[in-house]
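Fold and geometry: a report
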Amino acid sequence: MSAVSCLKSEDQFLCSICLDVFTDPVSTPCGHNFCKNCINEHWNSNDQYPCPLCKKVFYTRPDMKVNTLLNEVVSHSSEQQAAKPGEVPCDVCTGTKLKALKSCLVCLTSYCETHLEPHLTALGLKRHQLMDPVGNLEDRICMKHDKPLELFCKTDQTYVCVLCSVLNHKTHEFVPLKEEYEGKKAELGKTEAEIQEMIQKRRLKILEIKHSVDLSKEAADREKAEGVQVFAALKESVERSLNELIDTIEEKQRTTEKQAKDFIKELEQEISELKNRSSEVEKLSHSEDHLHLLQNFPSLKAAPPTKDWTEVSVRPPSYEGTVVKAVVQFEETLSKQMKKMRSKDKLKRAQQYAVNVTLDPDTAHPNLILSKNKKQVNHGDVKKKLPDNTERFTRYPNVLSKQSFSSGRFYFEVQVKEKTDWTLGVARESIDRKGEIRLCPQNGYWSIWFRNGFEYKALTGCLINLSLKSPPQKVGVFVDYEEGLVSFYDVDAAALIYSFTGCSFTEKLYPYFSPGVNYGGTNSTPLIIHPVNHTA
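About the criteria used
- Residues numbered from 1 in each chain as written.
- Predicted model: local features only at pLDDT ≥ 70, side-chain atom pairs only at ≥ 80, totals over all residues.
- Heavy atoms only, no water.
- Helix = DSSP H or I, 4+ residues; strand = E, 2+ residues; numbered from the N terminus.
- Rg over C-alpha atoms; globule rule 2.2 N^0.38 Å.
- Buried < 20%, exposed > 50% of the residue type's maximum accessible area, 1.4 Å probe, protein only.
- Contact = heavy atoms within 4.5 Å.
- Areas by Shrake-Rupley, 256 points an atom, 1.4 Å probe, with all protein chains shown as cover.
- Lys, Arg positive; Asp, Glu negative; His and termini not counted.
- Charge placed at Lys NZ, Arg CZ, Asp CG, Glu CD.
- Pairing = 2+ DSSP bridges.
- Core = buried A, V, L, I, M, F, W, Y, C linked by side-chain atoms within 4.5 Å.
- Phe/Tyr/Trp six-rings, centres within 6.5 Å; stacked < 30°, edge-to-face > 60°.
- Lys NZ or Arg CZ within 6 Å of the ring centre and 35° of its normal.
- Patch = residues over 30% accessible without salt bridge, like charges linked within 9 Å, V, L, I, M, F, W, Y side chains within 5 Å.
- Salt bridge = Lys/Arg side-chain N within 4 Å of Asp/Glu carboxyl O.
- Axes fitted to C-alpha atoms, helices over the stretch in contact; angles between N-to-C directions.
- Parallel < 35°, antiparallel > 145°, perpendicular 65-115°, else oblique.
- Left-handed = near helix turned anticlockwise from the far one by under 90°.
- Expected span 1.5 Å × (residues − 1).

1. Considerations on the overall build of the chain
For the chain, the count of helices and strands is nine helices and 24 strands. The C-alpha atoms of the chain give a radius of gyration of 55 Å, which is well past the 24 Å a tight globule of 536 residues would have. Its C-alpha atoms give the chain principal-axis dimensions of about 185 × 95 × 55 Å. A burial count over the chain gives 32% of its 536 residues as buried. Considering only intrachain contacts with a sequence separation of at least 6, the fraction spanning at least 24 residues in the chain is 55%. Split by element, the accessible area of the chain, about 34,400 Å² in all, is 54% carbon and sulfur. Charged side chains in the chain number 72 positive and 73 negative. The centres of these two groups are separated by 6 Å.

Given below as structure tokens:
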């Protein structure tokens, strides 16, 4: 770097033959420097070897040595880039202006790496304030006092020099530019953090939207598949009903045709017999043999055994109402299918409000056994010694969920497979947990139960028998707090079991579970809070 600072002009870097920056500089015995390739080409065209600068002639071709010092300086200089349009040039460079590395706020000058060296080494210049290069250094000088703008006036929110602070702004509040800079930089950092947070939120929103689109597509594909399946079934049902209608009509027509055919056959038989008799009568009537006519007359006179066809007729079958009956039967089939579809659709909508439910051990009866993950409960024969806190059931084997709900909708599913007794539903927070409990809405319970391995009842105050086609393996419970609705579903059959409607909820509601008594092991299977698999 010292070699670089000793050079007074960029011309010293130029080869006098090609007039460009040295490439592989070499020195002649007379002390002049040239590009290695330039001097070789110059001498290749001459019989003698003169120096292009001092004209000294060498009679034998000199052995050229690389000028290592100049080569190092030139290489270092070539690493520095010339200032491009829009970049701050060095104010000191002559000829090609190199890109400024720093600007000095004291000298009000911008320097490239070469000309910046004194500010990095000279003791007096080291104290100058350097900054990233700027092209408007004159704007950093006070127009009134020709001094650097070193202070920030907080009162007027402007930049001032030292003289301004004692002359024009003497009663104002000042801080050094660096202090104001640090404050604003901190604000910018905070703003940048906020912007990045906003960007992240929007990226997450994009992912959420894309996920919603994916879910929508999956739902659309499911609905299309289900629509194809349902309408294919309806088409098959329509074709089957039409075929049954045609078969019924054709069967009636076949019966009518057979009856008519039998009558015609019988009539034709009688006609044949009558024709034979008519022939005999005619033949006898033309006989001139007196004795022969008299002898055969009695047998011909008697009427042959024939049917009285006066009241006999073939009545066309009545088709009236056949089509109507077939349509009515189809409507009944369609109605059952629609009812099943509506129930399935309701269950699908309910499952959208699935919540994570866990059992609350502080409410569990001492005989109940809860799993570690608080998702299963069954009745044990041994009564545990537990604190008799206000939340705990002490008379009946009940337990509530840890979660409560006081608005909106929620849904959960419970596996009841292989149990002979269970009760499920929701209960309000203020229920009696100690004394005699009658499960009914008036007492804060909305529930159904299964008893004795075959009885399903809704506990409405009076027991309502529930007719189920088959025992449910999983029961879904859906609550719409504002609507006042509690519905129970057979999940696998996608069928509604029972609904409490017109309920009035004013307190927190808790999912309510009772696995029933163990009964010597016959009802030992636990109730299991099951993760919701959305109905396809």
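2. Overview of the sheet that holds strand S19 (residues 463-465)
The six strands are arranged S14-S23-S16-S17-S18-S19 in an open sheet whose pairing can be described as antiparallel. Strand pairing shows two members of the sheet lacking a second neighbour, strand S14 (399-400) and S19, which therefore form its edges. Alignment of strand S16 (residues 422-428) against strand S17 (residues 445-451), held across six bridges, turns out to be antiparallel. For Thr-423, the partnering residue across the bridge sits in S17 and is Trp-449.

3. Re the nonpolar core
Counting 35 residues, the largest nonpolar core has Trp-422, Val-486 and Phe-513 as its most contacted members. In contact with Phe-513, not counting residues within four places along its chain, are Val-357, Leu-359, Pro-397, Asn-398, Val-399, Ser-401, Phe-412, Val-414, Thr-423, Leu-424, Leu-527 and Ile-529. Judged by nonpolar contacts, the second largest core, of 13 residues, contains Cys-15, Phe-34, Ile-39 and Met-64.

4. A few points about the packing of aromatic side chains
Under the counting rule described, the total for this entry stands at 14 aromatic pairs. Summarising the aromatic geometry, the rings of Tyr-481 and Phe-505 are spaced 5.4 Å apart at their centres and angled 45° between planes, so their arrangement reads as tilted. Taken as a pair, Tyr-481 in the loop between strand S20 (474-480) and strand S21 (485-490) and Phe-505 in the loop between strand S22 (495-500) and strand S23 (509-514) lie far apart in primary sequence, 24 residues in all. We note that Tyr-481, like Phe-505, is buried. Between Phe-488 and Phe-500 the ring centres are 6.2 Å apart and the planes differ by 70°, which places this aromatic pair in the edge-to-face class. With Phe-488 in strand S21 and Phe-500 in strand S22, this residue pair connects regions lying 12 residues apart in the sequence. There is no split in this pair, since Phe-488 and Phe-500 are both buried. Members of the aromatic cluster, connected to one another through ring pairs, are Trp-422, Phe-450 and Tyr-456. One cation-aromatic arrangement involves Lys-307 over Trp-309; the distance from NZ or CZ to the ring centre is 4.7 Å. The ring centre of Phe-393 lies 5.9 Å from the NZ or CZ of Arg-433, which sits over that ring.

5. Digging into a positive patch on the surface
On the surface, Lys-336, Lys-339, Lys-340, Arg-342, Lys-346 and Lys-469 cluster together into a patch of positive charge. Within the secondary structure layout, Lys-336 lies in helix H9 (residues 322-351). Lys-336 gets classed as exposed once you look at its relative accessible area, which sits at 65%.

6. What about the pattern of salt bridges?
It is possible for side chains of opposite charge to pair when their charged atoms get near one another. Counted by the stated rule, this structure contains 21 salt bridges. Where Glu-180 meets Lys-154, a salt bridge forms, and the shortest distance between an N and an O atom there is 3.8 Å. Of the two residues, Glu-180 is situated in helix H7 (residues 177-285) and Lys-154 in the loop between strand S9 (151-153) and strand S10 (158-160); the sequence distance between them amounts to 26 residues. Here Glu-180 falls in the buried class, since its relative accessible area comes to 11%. When its relative accessible area of 33% is taken as the criterion, Lys-154 is described as partly exposed. Between Glu-251 and Arg-254 there is a salt bridge whose closest N-O contact spans 2.7 Å. In this pair, Glu-251 and Arg-254 both sit in helix H7, three residues apart, roughly one turn of the helix. On the accessibility criterion, Glu-251 (41% relative accessible area) is partly exposed. Classification of Arg-254 as partly exposed rests on a relative accessible area of 44%. Through salt bridges that share partners, Lys-154, Glu-180 and Lys-184 make up one connected network.

7. A word on a nonpolar patch on the surface
Nonpolar side chains collect at one region of the surface, where Leu-163, Val-166 and Leu-167 lie side by side and expose about 260 Å² of accessible area between them. Within the secondary structure, Leu-163 sits in helix H6 (residues 162-167). Assessed through its relative accessible area of 33%, Leu-163 is described here as partly exposed.

8. Topic: the packing of H7 against H9
Interaxial distance between H7 and H9 falls to 10 Å at its minimum, and their mutual angle equals 165°. Put simply, H7 runs roughly antiparallel to H9. The way H7 lies across H9 gives a crossing that is right-handed. Across the interface between the two elements, Glu-223, Glu-226, Val-230, Leu-234, Ser-237, Val-238, Ser-241, Leu-245, Thr-248, Ile-249 and Lys-252 of H7 pack against Thr-322, Val-323, Ala-326, Phe-330, Thr-333, Leu-334, Met-341, Lys-344 and Lys-348 of H9.

9. Comments concerning the environment of His-115
Position of His-115 among the secondary structure elements: in helix H4 (residues 113-121). By relative accessible area, which is 26% here, His-115 ends up partly exposed. Sequence separation of His-115 and Asp-91 is 24 residues, and the distance between their C-alpha atoms is 9.2 Å. Among residues more than four places away in sequence, those in contact with His-115 are Cys-90, Val-92 and Cys-93.

10. Digging into H9
For H9, spanning 30 residues, the distance from its first C-alpha to its last is 44 Å, which sits close to the expected 44 Å at 1.5 Å a residue. Within the span of H9, buried status applies to Thr-322, Ala-326, Phe-330, Ser-343, Leu-347, Lys-348, Ala-350 and Gln-351. If you follow the buried residues of H9, they end up packed against H7, strand S15 (409-415), S20, S21 and S22.

11. Some remarks on the sheet that holds strand S2 (residues 33-35)
Read across the open sheet, the three strands follow the order S2-S1-S5; overall the sheet is antiparallel. Looking at strand neighbours, the two that pair on one side only are S2 and strand S5 (65-66), the edges of this open sheet. Bridge count for strand S1 (residues 25-27) against S2 is three bridges, and the pairing is antiparallel. Looking at S2, one finds that Pro-25 is bridged to Cys-35. In the packing of helix H2 (residues 36-44) onto the sheet, the strands contacted are S1 and S2, and the crossing angle to S2 comes to about 90°.

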